[in-house]
Amino acid sequence: MEIEKIKEFDNEIAELILKELDRQRNTIELIASENFTSPAVMAACGTVATNKYAEGKPGKRFYNGCEIIDEIEIMAQERIKKLFGVEHANVQPHSGAQANMAVLLYILKPGDKILGMDLSNGGHLTHGSPANFSGIYFDVAFYGVDNEGYIDYKEVEKIALEHKPKLIICGASAYARTIDFKKFKEIADKAGAYLMADIAHIAGLVATGCHPSPIGYADFITTTTHKTLRGPRGGVVMCSQEHAAGIDKAVFPGIQGGPLEHIIAAKAVAFKEALKPEFKEYSENIVKNAKILAQTLIANGIDLVSGGTDNHLMIIDLRKFDKTGKDISNILEKVNITANKNTVPNDPKSPFITSGVRLGTPAITTRGFKEEDMKIIGEIIAETIKNSENEQKLAKLKEKSLELCGKYPLYPDIVQT
Ligand SMILES: *Cc1c(COP(=O)(O)O)cnc(C)c1O
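One structure accompanies this document, and this report is about it. Remember, it's a predicted structure, so these values are computed and weren't measured experimentally.

Definitions and limits used
- Residues numbered from 1 in each chain as written.
- Predicted model: local features only at pLDDT ≥ 70, side-chain atom pairs only at ≥ 80, totals over all residues.
- Heavy atoms only, no water.
- 1 Å grid on protein atoms, 1.4 Å probe; cavity = no way out; pocket = protein on both sides within 12 Å on 5 of 7 lines; lining within 4 Å.
- Points joined across faces, edges and corners; volume = space filled by probe spheres on them.
- Nonpolar A, V, L, I, M, F, W, Y, C, P; charged D, E, K, R; others polar.
- Domains from an automatic or database assignment.
- Helix = DSSP H or I, 4+ residues; strand = E, 2+ residues; numbered from the N terminus.
- Expected span 1.5 Å × (residues − 1).
- Buried < 20%, exposed > 50% of the residue type's maximum accessible area, 1.4 Å probe, protein only.
- Contact = heavy atoms within 4.5 Å.
- Near = heavy atom within 4 Å.
- Polar contact = N/O pair within 3.5 Å; in protein donor to acceptor, adjacent residues only side chain to side chain.
- Areas by Shrake-Rupley, 256 points an atom, 1.4 Å probe, with all protein chains shown as cover.
- Sits in = over half its atoms within 2 Å of the grid points.

1. Considering empty space enclosed by the protein
Step number 1: Taken as a whole and assessed by the stated rule, the structure comprises two cavities of 30 Å³ or more.
Step number 2: Here the largest cavity defines a volume of roughly 120 Å³.
Step number 3: As for the largest cavity, its lining consists of 16 residues, of which Asn-121, Ala-174, Val-305, Ile-315 and Pro-345 are closest to the centre.
Step number 4: Of the residues assigned to the lining of the largest cavity, the class counts are eight nonpolar, seven polar and one charged.
Step number 5: Here the second largest cavity is characterised by a volume of approximately 80 Å³.
Step number 6: Surrounding the second largest cavity, 16 residues form its lining, Ala-172, Tyr-175, Ile-179, Ile-202 and Asn-311 being those nearest its centre.
Step number 7: Taken together, the residues of the lining of the second largest cavity sort by class into eight nonpolar, six polar and two charged.
Step number 8: Here the lining of the second largest cavity gathers at least three residues from each of two domains, domain 1 (43–274) and domain 2 (287–407).

2. Quick notes on helix H10 (residues 241–255)
Step number 1: Over its 15 residues, H10 extends 21 Å from the first C-alpha to the last, a length consistent with the 21 Å expected when each residue adds 1.5 Å.
Step number 2: Among the residues of H10, those classed as buried are His-243, Ala-244, Gly-246, Ile-247, Asp-248, Ala-250, Val-251 and Phe-252.
Step number 3: Those residues of H10 hidden inside the fold are in contact with strand S2 (56–57), strand S4 (88–90), helix H5 (96–107), strand S8 (194–198), strand S9 (220–224) and strand S10 (235–239).

3. Quick notes on the site of the ligand
Step number 1: Within the structure, the ligand sits among 13 residues, and Gly-96, Ala-97, Ser-173, Asp-198 and Lys-227 are positioned closest to it.
Step number 2: In this structure, an oxygen atom belonging to the ligand sits 2.7 Å away from a side-chain N or O atom of Ser-173.
Step number 3: Across the complex, the protein chains shield 85% of the 380 Å² of accessible surface that the ligand would expose by itself.
Step number 4: The cavity where the ligand resides is the largest pocket.
Step number 5: In terms of residue count, H5 provides more of the shell around the ligand than any other element does, three residues in total.

Worth remembering: the numbers are spatial, not functional.
Structure (structure tokens):
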């Protein structure tokens, strides 16, 4: 991070960036959708590739001077195709939402029917929420989770056969259990629907075999690159050759203008990292850490939706403590733990208040946190929930968090002056 260069011209922004670095260093980051990129990925984001207009695709650009940018983008494509074993990848979507928008634009007409997972049950805004383009332009039916917090595939099938959607969307933002893509494909076939698997959260786990892959089942696979995949902020659409031209056209000129080629360069670096054996080990550690965190919370009397986790995240159910997700996520901040409020199945509280808190281990696993640290974090969280009004106790818990952060320095090569 060339902070000195920013300082020379704009000390106000430089100071704020350094403050943010300080915040990241001194908090235990449990937001399940966040991660810490490598210095190489971060460096690629800050390069001359940001200067280039490259509308179109490699070999077919609307601007001159794209020969080298083409090589960068092709390298990103080839690496992610190898990582997931897919025929085609478009690496241009600016974010996960854009990747989803491209698929919907390609395969649907306004007013067509889609079936998605309800936002309050773990789905994403772009899966048909009335607040999002996906719910505004399309006719949406929803499935959710049962009282135990699991997807009920029989129920999904029933809804699919009743509504006959043109597209079924699976994949979630807050679901702690394995997603059965094969079952979703069987349901899609019975209903005569296309299937889109949005693996934004679990992409890193899928790439390394820590979660079953939707490849071979889903017609379209979308992902973010910045969650478990640990790349720069961005999105990708993957599909078979059959849909390649249509998807590319939907991304550009359908929904975007010039691609962010500096980010595509950083995506290529991240995909190279993800192809290394160390990344598989990292992904396995994410899951291991999540299991131990879940076990520790349960052992300390904290309820989890579905009673545990198969992946990188879990959702605390606060109902028995009569506390809200909004309050507890704010109080966790006082003990230097960052997490977000989340609804629980049949949540009696609104999405702004909620009865749950979502926790994930991708970021702290990158930092190096291990099993024994998960036990300490689990205890800090349980104590925080039980002593949420005891300021003295909270101050002590904050010291414990800071001690853990000190054990695993974040970006030690970036010096603050
Ligand atoms: C995070 C997420 C997205 C959107 O990603 P953005 O980059 O924030 O647009 C889409 N789908 C799912 C399931 C997600 O979890």
